[in-house]
Amino acid sequence: MNKFFFKSAKINEFRLWGLIFTLVGMGVMILGTAGIVLWGQAGKIVAAIFMVIGMISLLVSVAVYFWAGMMSTSATMLTCPECNRPTKMLGKTDRCMFCKTMLTLDPAQATHAPSE
């Protein structure tokens, strides 16, 4: 069975990681500028190092957002049986982006057969 770390849709998890990298990068850069205030001239070296680390984190976030966007364009669209809203699904199992219901395209993992 597919385990989810945050109990949300896979695309939303990727977007969350992109947001985390963005906030960490910005936070590291802001903390780096505090080095100038605390240590004066020597703090400029600390600020430069933290700026580089922050920029790397921001570039990673751009890559994660780009990757999530590319996956989103090829995701399977389906209607959630619980909330009846259209949602995107990656892989054989995923969660609804809105109500977090487990969804699957694999009949072997389905809990009941759809009534048609």
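Scroll up a little and you will see the structure.
Residues numbered from 1 in each chain as written. Predicted model: local features only at pLDDT ≥ 70, side-chain atom pairs only at ≥ 80, totals over all residues. Heavy atoms only, no water.

Caption draft 1: Seen up close, the overall build of the chain. From N to C terminus, the chain includes 2 helices and 4 strands. Along the chain direction, N to C, the helices and strands of the chain fall in the order α-α-β-β-β-β. Here the C-alpha atoms of the chain give a radius of gyration of 21 Å, more than 25% beyond the 13 Å that 2.2 N^0.38 yields for 116 residues. With respect to the principal axes defined by its C-alpha atoms, the chain has extents near 75 × 25 × 20 Å. Across the chain, contacts joining residues at least 24 apart in sequence account for 43% of those joining residues at least 6 apart. (Helix = DSSP H or I, 4+ residues; strand = E, 2+ residues; numbered from the N terminus. Rg over C-alpha atoms; globule rule 2.2 N^0.38 Å. Contact = heavy atoms within 4.5 Å.)

Caption draft 2: Expanded view of helix α2 (residues 43-73). For α2, with 31 residues, the first-to-last C-alpha span of 45 Å sits near the 45 Å given by 1.5 Å per residue. Against α1 (10-39) and β2 (86-89) lie the buried residues of α2. (Expected span 1.5 Å × (residues − 1).)

Caption draft 3: Summary view of a nonpolar patch on the surface. Among the surface-exposed residues, Leu-16, Trp-17, Leu-19, Ile-20, Phe-21, Leu-23, Val-24, Val-52, Ile-56, Val-60 and Tyr-65 lie close enough to one another that they form a single nonpolar patch of about 900 Å² accessible area. Elements with a minimum of two residues in the nonpolar patch: α1 and α2. Per element, the largest residue contribution to the nonpolar patch is 7 residues, and it comes from α1. Relative to the elements of secondary structure, Leu-19 occurs in helix α1. (Patch = residues over 30% accessible without salt bridge, like charges linked within 9 Å, V, L, I, M, F, W, Y side chains within 5 Å. Areas by Shrake-Rupley, 256 points an atom, 1.4 Å probe, with all protein chains shown as cover. Salt bridge = Lys/Arg side-chain N within 4 Å of Asp/Glu carboxyl O.)

Caption draft 4: Layout of the pairing of β2. Burial along β2 is one-sided: the residues Thr-87 and Met-89 are buried and none of Pro-86 and Lys-88 is. As judged from the 4 bridges shared by strand β1 (residues 76-79) and β2, these two strands associate in the antiparallel manner. Within β2, the residue paired with Thr-76 across the bridge is Met-89. Hairpin connection from β1 to β2: 6 residues lie between these consecutive antiparallel strands, with Asn-84 at a positive phi of about 55°. (Buried < 20%, exposed > 50% of the residue type's maximum accessible area, 1.4 Å probe, protein only. Pairing = 2+ DSSP bridges.)

Caption draft 5: Highlighting the side chain of Asp-94. Structurally, the position occupied by Asp-94 is in strand β3 (residues 93-95). Although buried, Asp-94 forms no salt bridge, and the nearest oppositely charged side chain, Lys-10, lies 5.3 Å from it. From its side chain, Asp-94 meets the backbone nitrogen of Leu-90 in a polar contact 3.0 Å long. (Lys, Arg positive; Asp, Glu negative; His and termini not counted. Polar contact = N/O pair within 3.5 Å; in protein donor to acceptor, adjacent residues only side chain to side chain.)

Caption draft 6: The packing of α1 against α2, seen in detail. Closest axis-to-axis distance for the α1/α2 pair is 8 Å, and the angle between their directions is 170°. Here α1 lies roughly antiparallel to α2, going by the angle between them. Residue classes in the contact of α1 with α2 are distributed as 25 nonpolar, 11 polar and 2 charged. (Axes fitted to C-alpha atoms, helices over the stretch in contact; angles between N-to-C directions. Parallel < 35°, antiparallel > 145°, perpendicular 65-115°, else oblique. Nonpolar A, V, L, I, M, F, W, Y, C, P; charged D, E, K, R; others polar.)

Caption draft 7: Structural detail: unusual backbone geometry. A positive phi is found at Asn-84, a non-glycine position, where the angle reads about 55°. In this structure, Asn-84 sits in the loop between β1 and β2. For Asn-84, a relative accessible area of 58% puts it in the exposed group. Of note in this structure, Lys-100 is not a glycine but carries a positive phi near 65°.

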